[in-house]
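# Architecture at a glance
This is what each chain is made of:
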Amino acid sequence: MKVCWARFTRGFRVVNTVMILSLIITTAIVLVGRVHRDVPSFSKRFFATMMIMGTVMVIVSLLARWWLRSTKRPRLRRADRIFGVVSALVPPRIADEELGDALEDLRARIANRRPAWEIRLKIGATVFWVFVHTLHYLLRKLAEAAGLAELLKAFRR
Amino acid sequence: MDLPVSARTAVLLALVRGRGFGLELIERVRERTNGAVKLGQGSVYPLLRQLEDEGLLRSFEAEPTPERGGRPRRYYELTGQGRKAALEQRSTLAAILHFAEVK
């Protein structure tokens with residue numbers, strides 16, 4: 001039951017975040033389109049576009065701050081939220097294995113009262129390696145699909 | 001400093017006594033070598049997948065746990081071929097150490 005609930009809330013958070021971001025980006029694109037259609041002067045168009053982009057960046061950063069803030073076990077929840085978003089972008093096997101292990105490791109580090117910089121470094125390193133491994137995985141799958149596996153093996157030798 | 005053994009050998013030997021998952025294997029190797037061999041998350045997971053592709057390991061998923069945010073652990077264990085390779089690596093290492101002692 002706990003597992004189901006954890007999965008549900010993680011999925012809900014990811015879907016929620018993706019929807020909010022999509023809404024903001026779509027609105028910004030529509031506004032920029034209208035500005036380019038209705039405003040004749042280049043300098044005014046440029047200024048209006050910059051204003052829209054700046055506003056979007058401020059809203060996104062405020063949202064990110066709100067999203068990352070929590071009252072209970074903030075560092076672990078922050079990691080869980082970041083990993084939740086990363087999970088949506090990488091293959092399930094990599095997400096389950098590497099992010100799950102990292103979360104378990106972080107839990108142990110936080111229980112041992114390790115410093116905040118170490119926790120941040122671990123989160124950053126995990127995200128970096130997960131994306132590197134995803135890229136590696138995708139390249140391998142592409143190579144297999146294109147029948148290049150034999151060529152790659154030969155190249156390695 | 002160079003590693004006294006390769007990451008591949010360390011992982012194979014760490015699995016001789018039983019199955020384990022990625023994080024556990026990193027810890028197991030570090031503990032058993034008194035910190036002389038430290039495997040990183042950047043190298044262990046691709047290595048485990050590579051060894052599995054080579055038929056030296058097989059993996060399976062355990063039940064998801066809330067501690068991992070509802071994600072399951074992936075355990076690895078040696079196949080027959082993998083056990084044979086690990087024992088060969090162990091014999092080679094033992095032979096090197098014996099040679100060093102005699103000389």
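A short tour of the structure in this document, coming up. (Residues numbered from 1 in each chain as written. Chains lettered and ligands numbered in written order. Predicted model: local features only at pLDDT ≥ 70, side-chain atom pairs only at ≥ 80, totals over all residues. Heavy atoms only, no water.)

The subject of this paragraph is the overall build of chain B. Looking only at helices and strands, chain B features 4 helices and 3 strands. Along chain B, helices and strands appear, N-terminal first, in the series α-β-α-α-β-β-α. Residues counted as buried form 42% of the 103 residues belonging to chain B. Across chain B, contacts joining residues at least 24 apart in sequence account for 50% of those joining residues at least 6 apart. Accessible area of chain B: about 5800 Å², with a carbon and sulfur share of 52%. (Helix = DSSP H or I, 4+ residues; strand = E, 2+ residues; numbered from the N terminus. Buried < 20%, exposed > 50% of the residue type's maximum accessible area, 1.4 Å probe, protein only. Contact = heavy atoms within 4.5 Å. Areas by Shrake-Rupley, 256 points an atom, 1.4 Å probe, with all protein chains shown as cover.)

In terms of helices and strands, chain A carries 6 helices and 0 strands. Traced from its N-terminal end to its C-terminal end, chain A shows the element sequence α-α-α-α-α-α. Counting contacts in chain A only where the partners sit at least 6 residues apart, residues at least 24 apart contribute 59% of the total. Carbon and sulfur atoms form 70% of the exposed surface of chain A, whose accessible area is close to 11000 Å².

It is worth spelling out the pattern of salt bridges at this point. Tallying each qualifying case throughout the model produces 17 salt bridges over all chains. The partner of Arg-109 of chain A in a salt bridge is Glu-118 of chain A, and the shortest N-O contact between them spans 2.9 Å. Overall, the relative accessible area of 24% leaves Arg-109 of chain A in the partly exposed class. Here Glu-27 of chain B and Arg-30 of chain B are joined by a salt bridge, their closest N and O atoms 2.7 Å apart. (Salt bridge = Lys/Arg side-chain N within 4 Å of Asp/Glu carboxyl O.)

A cluster of basic residues, Arg-75, Arg-78, Arg-113 and Arg-120 of chain A, forms a positive patch on the protein surface. Relative to the assigned elements, Arg-78 of chain A resides in helix α3 (residues 74-89). (Patch = residues over 30% accessible without salt bridge, like charges linked within 9 Å, V, L, I, M, F, W, Y side chains within 5 Å. Lys, Arg positive; Asp, Glu negative; His and termini not counted. Charge placed at Lys NZ, Arg CZ, Asp CG, Glu CD.)

Before going further, it helps to examine the packing of aromatic side chains. Any pair of aromatic rings gets described here by the distance separating the centres and the angle formed by the planes. Per the stated rule, a full pass over the model turns up 4 aromatic pairs over all chains. Judged by centre distance (6.4 Å) and plane angle (25 degrees), the ring pair of Phe-42 of chain A and Phe-46 of chain A falls under stacked. Taken as a pair, Phe-42 of chain A and Phe-46 of chain A lie in helix α2 (residues 42-68) at a separation of 4 residues, close to a single helical turn. Judged by relative accessible area, Phe-42 of chain A falls into the exposed class, the value being 60%. Measuring from centroid to centroid gives 5.9 Å for Phe-60 of chain B and Tyr-75 of chain B, while their planes differ by 20 degrees, and the two rings are stacked. On the criterion of sequence distance, the pair formed by Phe-60 of chain B in strand β2 (residues 57-65) and Tyr-75 of chain B in strand β3 (residues 71-78) is long-range, its members being 15 residues apart. The ring of Tyr-75 of chain B has Arg-19 of chain B lying over it, and the distance from NZ or CZ to the ring centre is 5.1 Å. (Phe/Tyr/Trp six-rings, centres within 6.5 Å; stacked < 30°, edge-to-face > 60°. Lys NZ or Arg CZ within 6 Å of the ring centre and 35° of its normal.)

All right, on to helix α4 (residues 92-111) of chain A then. Residue and element names in this part refer to chain A. For α4, spanning 20 residues, the distance from its first C-alpha to its last is 27 Å, which sits close to the expected 28 Å at 1.5 Å a residue. Taking burial as the measure, the 20 residues of α4 include 14 buried ones, the bulk of the element. Arg-113 lies just past α4 and shows a positive phi near 55 degrees. (Expected span 1.5 Å × (residues − 1).)

Once that is clear, we can look at the interface of chain A and chain B. Tallying the contact residues gives 28 residues for chain A and 25 residues for chain B. Between the two partners, chain A and chain B, sit 7 salt bridges. A salt bridge links Arg-140 of chain A to Asp-53 of chain B; its shortest N-O distance comes to 2.2 Å. Run the count over chain A and chain B and you get 18 residue pairs in polar contact (both at pLDDT 80 or more). Going through the elements one at a time, α1 (2-38), α3, α4 and α5 (116-145) of chain A are the ones with two or more residues in the side of chain A that touches chain B. Top contributing element to the side of chain A that touches chain B by residue count: α4 of chain A, with 13 residues. Counted by class, the side of chain A that touches chain B contains 9 nonpolar, 5 polar and 14 charged residues. (Polar contact = N/O pair within 3.5 Å; in protein donor to acceptor, adjacent residues only side chain to side chain. Nonpolar A, V, L, I, M, F, W, Y, C, P; charged D, E, K, R; others polar.)

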